[in-house]
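# Inside the fold
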Amino acid sequence: MYIQKVSSKDTLTLRNELLRPGEDISACIFEGDNDPGTAHFGAIDEKNNVVGIASVYRKKEPSMKTENSHQLRAMATDSTCRRKGVGKLLLAAAEEYAKAEGSSLIWANARSAAIGFYIKAGYSLASNEFNIEGVGPHYLVIKQIV
């Protein structure tokens, strides 16, 4: 298993299967996917399949004062690869990218079911639980990456 940069197109299958099941693939194309400050990472298995994804966008979190920040979005791992360190590797790649791009903060609207993963990775809760329509309950999580 290794992590590498991939195109936004390479993330669409897992985004659709895991994050937007039952929706048209067009619902998995996010604003900013192809912007210069955006990077997509894929976890590649021994058969050269993308089994995990994470995207990171240069974007200020609206309630934060920090201008130099990136948003982590569309992070998912295939069910066969969960609890094997794949998410941790993807998160590290996203954080390193954001740091190399000059950000001091990385943030995400994390699904409530994944909060334990983010807390274990050093993120802090920065909101009460809120609902993203059509997706479900989330929390804002943040991490200083200086």
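Structure's up top.
What comes next is a walk through the structure. Only a predicted model underlies this, so the values are computations on that prediction, with no experimental measurement involved.

## Focus: the side chain of serine 55
- Here serine 55 is to be found in strand β3 (residues 50-58).
- Overall, the relative accessible area of 0% leaves serine 55 in the buried class.
- Within the local environment of serine 55, its side chain forms a polar contact with the side chain of histidine 40, the two groups lying 2.6 Å apart.

## Quick word on helix α1 (residues 12-19)
- Along α1, the residues that are buried comprise Leu12, Leu14, Arg15, Asn16 and Leu19.
- Buried positions along α1 lie against β2 (39-44), β3, β4 (69-77) and β5 (105-111).

## Some details on the packing of aromatic side chains
- Counted by the stated rule, this structure contains three aromatic pairs.
- With centroids separated by 5.1 Å and ring planes inclined at 80°, the aromatic side chains of phenylalanine 117 and tyrosine 118 adopt a geometry described as edge-to-face.
- Classification of phenylalanine 117 as partly exposed rests on a relative accessible area of 32%.
- What links up through ring pairs into an aromatic cluster is the set Phe117, Tyr118 and Tyr123.

The rules we used
- Residues numbered from 1 in each chain as written.
- Predicted model: local features only at pLDDT ≥ 70, side-chain atom pairs only at ≥ 80, totals over all residues.
- Heavy atoms only, no water.
- Helix = DSSP H or I, 4+ residues; strand = E, 2+ residues; numbered from the N terminus.
- Buried < 20%, exposed > 50% of the residue type's maximum accessible area, 1.4 Å probe, protein only.
- Polar contact = N/O pair within 3.5 Å; in protein donor to acceptor, adjacent residues only side chain to side chain.
- Contact = heavy atoms within 4.5 Å.
- Phe/Tyr/Trp six-rings, centres within 6.5 Å; stacked < 30°, edge-to-face > 60°.

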